[in-house]
Amino acid sequence: VLTTDGGMQPRAEPIPAERVEQGVRIVTCRVLGGERWGVANRMAISAQSLLKAAPLVRKADLVHINGVWSPHVAQVWAMARLMRRPHIVSPHGNLERYSLGQSQLRKRVFMALYSRRILTSAAAIHFTVQNERHEAPAWLQSTPAVIVPCVVKSLATGDGARFRRRFNLGQEEKVLGMVGRIHQKKGFDIMLPALAGAGAGSKTRLVVVGPEEGDYLGEVKQMIRELDLGDRVLFSGELHDQDLADAYAGFDLLMLPSYEENFGLVVAEAMMQGTAVAISEFVGSKDWVLKAGGGVVLPRELDLWVSLLRSLDQPGLLQSWASEELAQRTRDNFSLESVGQAMVSAYRGLLG
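In this report, the structure presented in the accompanying data block is examined.

1. Considering the overall build of the protein
From N to C terminus, the protein includes 16 helices and 13 strands. Taken over C-alpha atoms, the radius of gyration comes to 22 Å for the protein, in line with the 20 Å a tight globule of 352 residues would show. Dimensions of the protein along its principal axes, counting C-alpha atoms only, are 65 × 45 × 40 Å. In the protein, buried positions account for 50% of the 352 residues. Taking the contacts inside the protein whose residues are at least 6 apart along the sequence as the reference set, 68% of them involve residues at least 24 apart. For the protein, the accessible surface area stands at approximately 17,300 Å², while carbon and sulfur atoms represent 52% of it.

2. Structural notes on the side chain of Ser-335
Structurally, the position occupied by Ser-335 is in the loop between α15 (324-333) and α16 (336-351). Note on Ser-335: relative accessible area 17%, which makes it buried. At 3.1 Å, the side chain of Ser-335 and the backbone nitrogen of Ser-338 are in polar contact.

3. Things to note about the environment of Glu-219
Along the chain, Glu-219 turns up in helix α9 (residues 216-226). Residues Glu-219 and Gln-184 lie 35 residues apart in sequence; the distance between their C-alpha atoms is 9.2 Å.

4. Details of the pairing of strand β5 (residues 87-90)
Neither face of β5 is left uncovered, since the one carrying His-87 and Val-89 and the one carrying Ile-88 and Ser-90 both have all their residues buried. Note that strand β4 (residues 63-66) and β5 share four bridges and pair parallel. Across the sheet, Asn-66 pairs through a bridge with Ser-90, a residue of β5. As for the winding sense of the linkage, the β-α-β connection from β4 through helix α3 (residues 71-82) to β5 is right-handed. For β5 and strand β6 (residues 124-127), the ladder comprises two bridges, and the chain directions are parallel. If you follow Val-89 over to β6, its bridge partner there is Ile-125.

5. A short note on the pairing of β6
Burial of the side chains of β6 extends over both faces: Ala-124 and His-126 are buried on one face and Ile-125 and Phe-127 on the other. Where β6 meets strand β7 (residues 145-147), three bridges bridge the pair, whose relative direction is parallel. The partner of Phe-127 across the bridge, within β7, is Ile-147. After leaving β6, the chain enters helix α6 (residues 130-135) and then returns to the sheet as β7, a path that is right-handed.

6. Some details on the sheet that holds strand β1 (residues 2-4)
Spatially, three strands are ordered β1-β3-β2 in an open sheet, and the strand pairing comes out mixed. The outermost strands of the open sheet, each flanked by one partner alone, are β1 and β2 (18-21). Put simply, the sheet's adjacent strands are angled 35° from each other on average, direction ignored. Of the pairings in the sheet, the one linking β2 to strand β3 (residues 24-29) comprises four bridges and is antiparallel in character.

7. Notes on the pattern of salt bridges
Applying the stated criterion across every chain yields a total of 13 salt bridges. One salt bridge connects Asp-313 with Lys-174, and the closest N-O pair in it is separated by 3.4 Å. In this pair, Asp-313 is assigned in the loop between α13 (302-310) and α14 (317-321) and Lys-174 in strand β8 (residues 174-179), connecting sequence segments 139 residues apart. Asp-313 sits in the exposed class, given a relative accessible area of 62%. Across the pair Lys-186 and Glu-261 runs a salt bridge, and its minimum N-O distance is 2.8 Å. Pair noted here: Lys-186 is in the loop between β8 and α8 (188-197) and Glu-261 is in the loop between β11 (253-256) and α11 (265-272), with a separation of 75 residues, a long-range link. Glu-261 carries the same exposure label as Lys-186, and that label is buried.

The rules behind the values
- Residues numbered from 1 in each chain as written.
- Predicted model: local features only at pLDDT ≥ 70, side-chain atom pairs only at ≥ 80, totals over all residues.
- Heavy atoms only, no water.
- Helix = DSSP H or I, 4+ residues; strand = E, 2+ residues; numbered from the N terminus.
- Rg over C-alpha atoms; globule rule 2.2 N^0.38 Å.
- Buried < 20%, exposed > 50% of the residue type's maximum accessible area, 1.4 Å probe, protein only.
- Contact = heavy atoms within 4.5 Å.
- Areas by Shrake-Rupley, 256 points an atom, 1.4 Å probe, with all protein chains shown as cover.
- Polar contact = N/O pair within 3.5 Å; in protein donor to acceptor, adjacent residues only side chain to side chain.
- Pairing = 2+ DSSP bridges.
- Right-handed = clockwise from strand over helix to strand, strands pointing away.
- Axes fitted to C-alpha atoms, helices over the stretch in contact; angles between N-to-C directions.
- Salt bridge = Lys/Arg side-chain N within 4 Å of Asp/Glu carboxyl O.

As far as function goes, none of this settles anything; it's purely spatial.
As structure tokens, then:
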């Protein structure tokens, strides 16, 4: 694995130039200027990567490129072309309409300079979900594609009762959860009005698990005040490891009415705890939710989300989605072994 230390600052200790983790050699290249040159840091501009890529690409049968915007990626691609090595590209959601709409000028420049050529010259494009392939630009549809999901690390078994005690949530309450950074694309503009629409007398509460970053948190809190939701919305801050597992287990329903999610890691993590999910049609893992029967996929239409929340007291509804069988099927589908075998099969297919 060849990477850079771009975007890793600040850090307590320097990243080793080379290390081995679980049998994988990882080579990390310093970006130009380190912490002093913010542009080079954010864009992962590294002279080292050009030098270190050469011997690695020369030995490779296939080069797997992750991302499409970084100059570091362009350097490795150019080396692969020079040495006539085939390459596969994982865009990681960067080609979806929502993503392409962010920082449009910069991405148009990169697309004209090298990103489009990296993509169209690939032996294949690796998408993690079918939805990501459908969202890709029309000019890329003729390039071969492989669909292999992300590996999702299974958390320890969560204790939902412990989570509810910690945050003073009654066992009789319906607890909805949103997990992830507090960002505009996560769908708070649907989630909060839907909670208000469920009725003031509802025993349904929302717990938001994630970092309070940027100015958008202020907008979310303003919506809460305007909708008179008061103490029906709780911010837990970031939770990790066992605490996060407890949160998933303590939710009756994970909510993700997002504008866009390439995959939706939290969806798989919740289902691995046997917790049902309600997501928008723009969440990439929707196909797995429907296949596994672990919840519901809805358009981003407020009345539908309000109806969902009002129906949560319907006998057997949540139980029909959530189960230990759901947890085991999800763990198996996104395990390192399952995804690894699928990726190796994709590599072999490309190499003949």
